[in-house]
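Letter by letter, the chains look like this.
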Amino acid sequence: MKAGIVVFPGTNRERDMAQALRLVSGKAPTMLWHRDTSLPELDLIVLPGGFSFGDYLRSGAMGAHSPILREVRAFAERGGYVLGVCNGFQILTEAQLLPGALLRNAGMRFLSQDGFLRVETSDTAFTRDWSKGDVFRAPLAHGDGNYTASEAELDRLEGEDRVAFRYVCPHGTLDAASRVSNPNGSQRSIAGVLSANKRVCGLMPHPENLVDPDLGATDGVPLFSGLVKSLVA
Ligand SMILES: N[C@@H](CCC(=O)O)C(=O)O
């Protein structure tokens, strides 16, 4: 699987993402710069976490206007697979490659804690190595993770099976009003969504940080192993 990771000024999780892709796929990804105006041949583009442009204006707002986003958009329009994690998810919504917006956390403070996610669909390359209803752990680290969209958009996402992950309690129950189950106030406890063709996925938690057994947990491996199965010719 030929993966590319986009680095912006302020990105700080590109090495975590590169390590996860290398560990699971066996192939080192290509590091891309936000000013690049052409891409190598790729199967997957990843926008990793961090603080692109210092989160000035809004998290992801400036990164969404970087030159490389024209190439990312064209790649997605050709049916390419794109994964946005945390700041990468914020950039994808700001670029309108995914619906909705990530607003300030409901508690108005930066969250740095474990989150528990329930897989809401296994019918995608990003989730095929889980079963619908599986619950896994993934670290959270963000100030603007409160997923928000219109009621009509939320209904559309639900109706088209495009909610990928939802925040739940550790034993899997869902309580949108609970800060344990829903740490940042996201509407309907949504943690990750998909594009209409289900080939662009964004999520706030960091599954790339739980793929190495030497670090004590491999909860995030299925995200990457599913992509390898779908994208390796
Ligand atoms: N800087 C963004 C994302 C953080 C990250 O990607 O880890 C925020 O605080 O919401």
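Residue positions are given per chain, counted from 1 along the sequence in the order it is written. Local features are withheld for residues below a pLDDT of 70 in this predicted model, meaning they are given only at 70 or higher, and side-chain atom pairs are given and counted only at 80 or more; totals for whole chains, interfaces and linings count all residues. Computation of side-chain values: all heavy atoms of the structure, hydrogens and water removed.

**A look at the overall build of the protein**
Reasoning step 1: The number of helices and strands found in the protein is 5 helices and 11 strands.
Reasoning step 2: Atoms considered for the radius of gyration are the C-alpha atoms alone. The globule rule reads 2.2 Å times the number of residues to the power 0.38. In summary, the protein has a C-alpha radius of gyration of 16 Å against a globular reference of 17 Å for 233 residues, a match within 12%.
Reasoning step 3: If one aligns the C-alpha atoms of the protein with their principal axes, the spans along those axes are about 45 × 40 × 35 Å.
Reasoning step 4: Every residue pair with non-hydrogen atoms within 4.5 Å of one another is taken to be in contact. Of all intrachain contacts in the protein linking residues separated by at least 6 positions in sequence, the fraction that spans at least 24 positions is 75%.
Reasoning step 5: Carbon and sulfur atoms make up 49% of the accessible area of the protein, which totals about 9600 Å².
Reasoning step 6: Only four residue types enter the tally: Lys and Arg on the positive side, Asp and Glu on the negative side; His and the chain ends are excluded. The location of each charge is read from NZ of Lys, CZ of Arg, CG of Asp or CD of Glu. Distance from the positive charge centre (24 side chains) to the negative charge centre (26 side chains) of the protein: 2 Å. The helix and strand labels rest on DSSP assignments: H or I over at least four residues marks a helix, E over at least two residues marks a strand, and numbering proceeds from the N terminus. Per-residue and other accessible areas follow the Shrake-Rupley method at a 1.4 Å probe size, with only the shown protein chains counted as cover for residues.

**So, the UniProt feature "active site" (unreviewed entry) in the protein**
Reasoning step 1: UniProt positions are given in the numbering used here, feature names are shortened, and annotations may be inferred rather than shown by experiment. The positions UniProt marks with the feature "active site" (unreviewed entry) are C86, H206 and E208. In summary, the annotated positions, though distributed over 123 residues, converge in three dimensions, the widest C-alpha pair being only 11.0 Å.
Reasoning step 2: Along the chain, the position of H206 falls in the loop between β11 (200-203) and α5 (221-231).
Reasoning step 3: Residue H206 is classed as buried on the basis of its relative accessible area of 1%.
Reasoning step 4: Apart from the residues lying within four places of it in its own chain, the contact partners of H206 are R13, G49, V85, C86, A138, P139 and A141.
Reasoning step 5: With respect to the helices, strands and loops of the structure, E208 is situated in the loop between β11 and α5. A simple rule labels every residue: compare its accessible area, found with a 1.4 Å probe on the protein chains alone, to the largest value its type can have, and call it buried under 20%, exposed over 50%, or partly exposed in between.

**What about the sheet that holds strand β4 (residues 81-85)?**
Reasoning step 1: Here 9 strands make up an open sheet; going across it, the order is β2-β1-β3-β4-β11-β10-β9-β6-β7 and the pairing mixed. Two strands bound the open sheet, and with one partner strand each, they are β2 (30-33) and β7 (135-142). The sheet shows a mean angle of 25° between the axes of neighbouring strands, taken without regard to direction.
Reasoning step 2: A pair of strands is treated as paired once DSSP finds two or more bridges between them. In the sheet, strand β3 (residues 44-47) pairs with β4 via 4 bridges, with the strands oriented parallel. Within β4, the position partnered with L47 by the bridge is G84.
Reasoning step 3: An axis is simply a line fitted to the C-alpha atoms; with a helix, the fit covers only the stretch in contact. Between two such axes, the angle follows the N-to-C directions and lies from 0 to 180 degrees. Seen against the sheet, helix α1 (residues 14-25) touches β1 (3-7), β2, β3 and β4 and runs at an angle of roughly 175° to β1.
Reasoning step 4: Each of β3, β4, β10 (190-194) and β11 touches helix α3 (residues 87-94); the most contacted strand, β4, lies at about 120° to it.

**Overview of the site of the ligand**
Reasoning step 1: Taken together, 14 residues are adjacent to the ligand, and G50, D55, Q90, G143 and D144 come closest.
Reasoning step 2: Within 3.5 Å is the distance limit for a polar contact, defined as a pair of N or O atoms, with the added protein rule that one can donate a hydrogen and the other accept it, and that residues adjacent in sequence qualify only through two side-chain atoms. Contacts to the ligand include N87, whose backbone N or O atom sits 3.1 Å from an oxygen atom.
Reasoning step 3: Separating an oxygen atom of the ligand from a backbone N or O atom of D144 is a distance of 2.9 Å.
Reasoning step 4: When the free accessible area of the ligand is taken as 300 Å², the share hidden by the protein chains comes to 98%.
Reasoning step 5: Where the shell around the ligand is concerned, the elements lending two or more residues are α3 and β7.
Reasoning step 6: Considering only residue class, the shell around the ligand consists of 4 nonpolar, 7 polar and 3 charged. Note on definitions. A residue lies near a molecule or strand when any single heavy atom of the residue is within 4 Å of it. The residue classification treats Ala, Val, Leu, Ile, Met, Phe, Trp, Tyr, Cys and Pro as nonpolar and Asp, Glu, Lys and Arg as charged. All others, Gly included, are polar.

**Notes on the packing of aromatic side chains**
Reasoning step 1: Between rings of Phe, Tyr and Trp, where Trp is taken as its six-membered ring, a pair exists when centres lie within 6.5 Å; planes separated by under 30 degrees are stacked, by over 60 edge-to-face, and by other angles tilted. Here the structure, examined in full by the defined rule, presents 6 aromatic pairs.
Reasoning step 2: For the ring pair F51 and F110, a centre distance of 6.2 Å and an interplane angle of 20° mean the geometry is stacked. One end of the pair, F51, is in the loop between β3 and α2 (68-77); the other, F110, is in the loop between β5 (101-103) and β6 (111-119), and 59 residues separate them in sequence.
Reasoning step 3: Residue class for F51 comes out partly exposed when judged on its relative accessible area of 35%.
Reasoning step 4: Between F89 and Y147, the aromatic rings sit 5.9 Å apart at their centres with planes inclined by 10°, giving stacked as the arrangement. Placement of the pair is F89 in helix α3 and Y147 in strand β8 (residues 146-148), with a sequence separation of 58 residues. A single burial state applies to F89 and to Y147, both of which are buried.

**Brief notes about the nonpolar core**
Reasoning step 1: Among the nonpolar cores identified, the biggest contains 63 residues, and L21, L44, V82, L83, Y147 and F165 are the most heavily contacted of them.
Reasoning step 2: Setting aside residues up to four positions removed in sequence, V82 forms contacts with L44, I45, L47, V72, F75, A76, L92, F126, R199, V200 and C201. Here the nonpolar core consists of buried residues drawn from Ala, Val, Leu, Ile, Met, Phe, Trp, Tyr and Cys, with membership extended through side-chain atoms lying within 4.5 Å.

**A closer look at the packing of α1 against α5**
Reasoning step 1: Closest axis-to-axis distance for the α1/α5 pair is 9 Å, and the angle between their directions is 60°. When the interaxial angle is binned, α1 and α5 end up oblique. Where α1 crosses over α5, the handedness of that crossing is right-handed. Residue-level contacts link M17, A20, L21, V24 and S25 of α1 to V221, F224, S225 and V228 of α5.
Reasoning step 2: For the contact of α1 with α5, a count of residues per class yields 7 nonpolar, 2 polar and no charged. In this scheme, roughly parallel covers angles under 35 degrees and roughly antiparallel covers those over 145, while 65 to 115 is roughly perpendicular and the rest are oblique. Whether a crossing is left-handed or right-handed is set by the direction in which the near helix is turned from the far one by less than a right angle, anticlockwise for left-handed and clockwise for right-handed.

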